[in-house]
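So the chains spell out like this:
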Amino acid sequence: MKFYSEAVWEEIPSFPVLCRRRTGAYGPENHRLMEAFKQWVREQGLEMEPIYAMAMDDPAVTAPCQCRYDVCIPKPENWQPDQNAALCRELEGGWYAVFVIPHTAQGVQTAWQQCFAELGRLGGVLDRTRPVMERYQVHLVNAHQCELCLPVRGRPSDPQPGNFTEKL
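**A short note on helix α2 (residues 105-121)**
Because an α-helix packs 3.6 residues into every turn, residues spaced three or four apart end up facing the same way.
And then number 1: Over its 17 residues, α2 runs 24 Å from end to end, which matches the ideal 24 Å to within 8%, given 1.5 Å per residue.
And then number 2: Cysteine 115 marks where α2 bends most, by close to 45°.
And then number 3: All buried positions along α2 are accounted for by Gly107, Val108, Thr110, Ala111, Cys115, Glu118 and Leu119.
And then number 4: Remark: glycine 123 follows α2 within two positions and exhibits a positive phi of approximately 90°.

Here is the structure:
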């Protein structure tokens, strides 16, 4: 059984984001960072969609205590944050294989375990210079879903959005 309900190629543009980062082993602390970030976004009166969460390091090659995890939103134009409140940086754009997955702890864990093999089956080659992203859009979260976005090298063989669409 597939870990996703739909998969598409998508070209995501580069754009500035506001983010918070934690460094340490991936796990429950990432969820706490996400909740604290969402609270900060609400307090600032900012748009909370979409939220991106990025594991910046491969725990197979980076010591757990050095793994970086970012949660981000698109940076509003002309918005200058307090330097202690959020980092400003560029989200790395390019082609991604986007998998719609269950927004549950088990669904996300299963997706992370199976996504790289599935990317190869679909003909994609992971671009290790950009992070894998989880993307949370309100309409999907309200349906108990989110997206896992895997960066791919080069242009997919048929890059029109949705052309390799797979559904359960």
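The discussion continues.
**Thoughts on the pattern of salt bridges**
And then number 1: For the structure on display, the rule yields eleven salt bridges.
And then number 2: The salt bridge involving lysine 38 is made with glutamate 35; its shortest N-O contact spans 3.1 Å. Of this pair, lysine 38 and glutamate 35 both sit in helix α1 (residues 28-44), three residues apart, which is roughly one turn of the helix.
And then number 3: The network of salt bridges with common partners includes Arg21, Asp70, Arg89 and Glu92.

Reading the values: rules and limits
- Each residue is numbered by its place in its chain's sequence as written, counting from 1.
- Under the rules for a predicted model, residues below a pLDDT of 70 receive no local features and side-chain atom pairs below 80 are neither given nor counted, while totals for whole chains, interfaces and linings still include all residues.
- Computation of side-chain values covers all heavy atoms of the structure but excludes hydrogens and water.
- Helix and strand assignments follow DSSP, with helices taken as H or I runs no shorter than four residues and strands as E runs no shorter than two, numbered in order from the N terminus.
- The span you would expect from a helix comes to 1.5 Å times its residue count less one.
- Throughout, bend refers to the angle between the axes fitted to the seven residues that end at a position and the seven residues that start at it.
- The buried label applies to any residue whose accessible area, calculated with a 1.4 Å probe on protein chains only, is under 20% of its type's maximum; exposed applies above 50%, and partly exposed to all values in between.
- In what follows, salt bridge is the name for a side-chain nitrogen of Lys or Arg lying within 4 Å of a carboxyl oxygen of Asp or Glu.

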